[in-house]
Amino acid sequence: MRKDLHSQSPESFRDSISTVDAEGKRVWLYPKKPSGRYYNARKWVAYILIAFFFVGPFIKINGQPFFMMNILERQFVIFGRLFVPQDFFVFVLIMIALIIFIVLFTVVYGRVWCGWTCPQTVFMEMVFRRIEYWIEGDANQKRKLDQAPWTQEKILKKGTKHTIFVIFSLAIANMVLGYIVGGDALVNMITSKPAENWPVFLAHIAFAGIFYFVFARFREQACTQVCPYGRLQGVFLDKDSIVISYDHVRGEPRGKLKKKKASSGCGGCGSSSAAVKPIVGRAKKPKVNPSPLPEIKKPDVEEVKAPVSEEKETVRKMTLEDVNPTVSTDQPLGDCIDCKLCVHVCPTGIDIRNGTQLECVNCTACIDACDEVMDKIDKPRGLIRFASANDIEKGKPFKFTARIKAYTAVLLILVGAISLALVKRGEVEVTVLRAPGMLYQKAENGDIRNLYTIQLVNKSNNSFDDLDVLLVDPEGKITIAGGDMQLKEGAHLDGAFFIDIAPENLDGMKNKITIKIMNGEEELDELTTNFLGPIKK
Ligand code: SF4
Ligand code: SF4
């Protein structure tokens, strides 16, 4: 039960989402199976992304996973580089850059991410929905099956579908765990008994349950009611953003095209298109219409006058009157034949002819559907297409606006800052602090002694087995407490050491000293810290 504009009053026009009825209950959608060039392209993109998703946890770069978000052990690997909590500032920069990139991308290209690469859309439309079409059939067959009593056939179909859904949900949950704990740990977990790893096993079941619920029941509501990105479209998009748009200048006033004109093109539709052919299901030999114009289906509800400007207008804004016109027989028609195929294929249940809407995930199904119709009635494709509002209304091509330029500048600065941080980022993060709350001590030989703590974090895949701390300036001696220091890959080490400096090498109470962290002959880091000495008289 989709909301049709013809059943809406101006007061209620687009004031609610299409998947909720007047009582606030869910309207279950039965989108027609899409097909066409965009759908085929999306299938290939989805195949590649799904394949990558399933092999991702097992790809390694320099011995590290390609991507891992181990929240439990606070280890994050991006493109094979290990990030630890000490790298938090880099992580924040990456996140800020990512958000700005998303905003910039959305301002220019709309919701391409949603329709083509978002995991929700990819799995929903290219895995779960296709399984459903395969088992239960297209929209009408599925609707009939849902309404039918529980027969053996229905139990078999529903049982098979949900069993496959559960298997896919378990597989997806497995891979998500793989991205958290890493591919090797995942294999260990899969090959061991659940009882040996029951917290992970329970997490796996919980993830699988969530995925099953989302893909089997929640579906498009994840995009329309939960995802914050969709809700921000009103802020991101402007009249130059390229989104999936209905060309209302060309398409309106819409009307049913029932008969082919005997002599001329499109029956006075006002379009420059070629002659109108009968569409599917129409009699092969069209009768000659006594009227000079095609017969138009009138709206079911109160009729409003179509906008007819006093002066000839080349640009019209889309209004309720535009899409709910009184179509009189002496008014030229647009290219939309009001077949509603674009609505029937929409997985979020909207009518794109009402304009850009929150629910539109830019899946392109309506483009394919409408192109097919245009082919059948011999009109140019692209009545629904990727286009900006300015492109449709004013014929303005895409241009870089001041907003896009500003976003690009900020993005470039951030990318530069991140690159610098990554280049300057050493393999070992060293933190040296003077032991808090302690004054200096006097050694037996009269030297002044300070105690320091040292923390080393290994952010590489190498082990450091010959670690040492050297005093560079001033002259003095370092004694490491507890003997040799060793640092395994990805590990961290807490230690302590003393620094003894002769009083004549000190300037007074506060002294700056320089130390180096070495691994054998290799210098890992050089840093400056404070050394406390006696007040000089
Ligand atoms: S598919 Fe095209 S012709 Fe049919 S209703 Fe939608 S916009 Fe109009
Ligand atoms: S209107 Fe519907 S079918 Fe068209 S792109 Fe948006 S979500 Fe897809």
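Details of the structure are given in the entry above.
This is a predicted model, so every value here is computed, not measured.

Brief notes about the site of ligand 1
Consideration 1: The environment of ligand 1 is made up of Tyr 246, Cys 336, Ile 337, Asp 338, Cys 339, Lys 340, Cys 342, Arg 353, Cys 370, Met 374, Leu 383 and Ile 384.
Consideration 2: Tallied by class, residues from the shell around ligand 1 come to nine nonpolar, no polar and three charged.

So, a nonpolar patch on the surface
Consideration 1: A cluster of nonpolar residues, Met 95, Leu 98, Phe 101 and Ile 102, forms a patch on the protein surface that exposes about 330 Å² of accessible area.
Consideration 2: Here Leu 98 shows up in helix H2 (residues 88-109).
Consideration 3: The class for Leu 98 is partly exposed, based on a relative accessible area of 43%.

Here's the deal with a negative patch on the surface
Consideration 1: There is a patch of like negative charges on the surface, built from Asp 466, Asp 468, Asp 484 and Glu 521.
Consideration 2: Classification of Asp 468 by relative accessible area gives partly exposed; the value is 33%.

Looking at the site of ligand 2
Consideration 1: Among the 13 residues in the neighbourhood of ligand 2, the closest are listed as Cys 346, Cys 360, Cys 363, Thr 364 and Cys 366.
Consideration 2: Per-class residue counts for the shell around ligand 2 are ten nonpolar, three polar and no charged.

Here's the deal with the environment of Leu 420
Consideration 1: Mapped onto the elements, Leu 420 comes out in helix H17 (residues 402-424).
Consideration 2: For Leu 420 and Val 90, which are 330 residues apart along the polypeptide, the C-alpha to C-alpha distance reads 9.9 Å.

A few points about the sheet that holds strand E15 (residues 510-519)
Sheet strands pair via backbone hydrogen bonds, and the direction of the pair is either parallel or antiparallel.
Consideration 1: Strand order in this open sheet of four strands is E13-E11-E15-E16, and the pairing throughout is antiparallel. Two strands in the sheet have a free side with no partner beyond their single neighbour: strand E13 (485-487) and strand E16 (522-532). When strand polarity is set aside, the average angle formed by the axes of neighbouring strands in this sheet is 35 degrees.
Consideration 2: Two elements, E15 and E16, share ten bridges in a ladder whose sense is antiparallel. If you follow Thr 514 over to E16, its bridge partner there is Thr 528.

Some thoughts on the packing of helix H6 (residues 152-181) against helix H7 (residues 183-191)
Geometrically, a packed helix pair is captured by the angle between its two axes and the distance between the axes.
Consideration 1: Running from amino to carboxyl end, H6 crosses H7 at an angle of 130 degrees, the nearest separation of the two axes being 7 Å. Classified by the interaxial angle, the pair formed by H6 and H7 is oblique. Considering only the axes of H6 and H7, their crossing is right-handed. Across the interface between the two elements, Asn 174, Met 175, Leu 177, Gly 178 and Val 181 from H6 touch Gly 183, Ala 185, Leu 186, Met 189 and Ile 190 from H7.

A word on the nonpolar core
Consideration 1: Ranked by size, the top nonpolar core spans 28 residues in total, and within it Phe 53, Phe 123, Val 127, Phe 128, Ile 172 and Phe 215 carry the most contacts.
Consideration 2: Listed by contribution, the elements that provide at least two residues to this core are helix H1 (37-55), helix H4 (119-136), H6, H7 and helix H8 (198-218).
Consideration 3: Those residues in contact with Phe 128 that lie beyond four places of it in its chain are Phe 123, Phe 165, Phe 168, Ser 169, Ile 172 and Phe 215.
Consideration 4: In this structure, Leu 456, Met 485, Leu 506 and Ile 517 belong to the second largest nonpolar core, which totals 24 residues.

As for the sheet that holds strand E5 (residues 81-83)
Consideration 1: Strands sit in the order E3-E4-E5 across an open sheet of three strands; the sheet is antiparallel. One side of each edge strand has no neighbouring strand; the edge strands of this open sheet are strand E3 (67-70) and E5. Ignoring strand direction, the axes of neighbouring strands in this sheet form an average angle of 25 degrees.
Consideration 2: The sheet contact formed by E3 and strand E4 (residues 75-78) spans four bridges and is antiparallel. Considered in E4, the bridge of Asn 70 is made with Gln 75.

Quick look at the environment of Ile 517
Consideration 1: Here Ile 517 shows up in strand E15.
Consideration 2: Residues Ile 517 and Leu 467, spaced 50 residues apart in sequence, show a C-alpha to C-alpha distance of 7.2 Å.
Consideration 3: If we skip the residues at most four places from it in the chain, Ile 517 touches Val 430, Ile 454, Leu 456, Asp 468, Val 469, Glu 522, Glu 523, Leu 524 and Asp 525.

Quick word on the pairing of strand E10 (residues 448-458)
Consecutive side chains of a regular strand alternate in pointing toward one face of the sheet and then the other.
Consideration 1: Pairing of strand E8 (residues 428-434) with E10, which is carried by seven bridges, proceeds in the antiparallel orientation. Residue pairing in the sheet places Val 428 in a bridge with Asn 458 of E10.
Consideration 2: Both strand E9 (residues 441-442) and E10 contribute to a ladder of two bridges, which runs antiparallel. Of the residues in E10, the one forming a bridge with Lys 442 is Ile 448.
Consideration 3: Linkage of E9 to E10, two consecutive antiparallel strands, is achieved through a turn of five residues, within which Gly 446 is found at a positive phi near 95 degrees.

Looking at a positive patch on the surface
Consideration 1: A cluster of basic residues, Lys 394, Lys 396, Lys 399 and Lys 405, forms a positive patch on the protein surface.
Consideration 2: Counting through the fold element by element, Lys 396 comes out in the loop between helix H16 (389-394) and H17.
Consideration 3: With a relative accessible area of 35%, Lys 396 lands in the partly exposed category.

Rules used in this analysis
Residues numbered from 1 in each chain as written. Chains lettered and ligands numbered in written order. Predicted model: local features only at pLDDT ≥ 70, side-chain atom pairs only at ≥ 80, totals over all residues. Heavy atoms only, no water. Near = heavy atom within 4 Å. Nonpolar A, V, L, I, M, F, W, Y, C, P; charged D, E, K, R; others polar. Patch = residues over 30% accessible without salt bridge, like charges linked within 9 Å, V, L, I, M, F, W, Y side chains within 5 Å. Areas by Shrake-Rupley, 256 points an atom, 1.4 Å probe, with all protein chains shown as cover. Salt bridge = Lys/Arg side-chain N within 4 Å of Asp/Glu carboxyl O. Helix = DSSP H or I, 4+ residues; strand = E, 2+ residues; numbered from the N terminus. Buried < 20%, exposed > 50% of the residue type's maximum accessible area, 1.4 Å probe, protein only. Lys, Arg positive; Asp, Glu negative; His and termini not counted. Charge placed at Lys NZ, Arg CZ, Asp CG, Glu CD. Pairing = 2+ DSSP bridges. Axes fitted to C-alpha atoms, helices over the stretch in contact; angles between N-to-C directions. Parallel < 35°, antiparallel > 145°, perpendicular 65-115°, else oblique. Left-handed = near helix turned anticlockwise from the far one by under 90°. Contact = heavy atoms within 4.5 Å. Core = buried A, V, L, I, M, F, W, Y, C linked by side-chain atoms within 4.5 Å.

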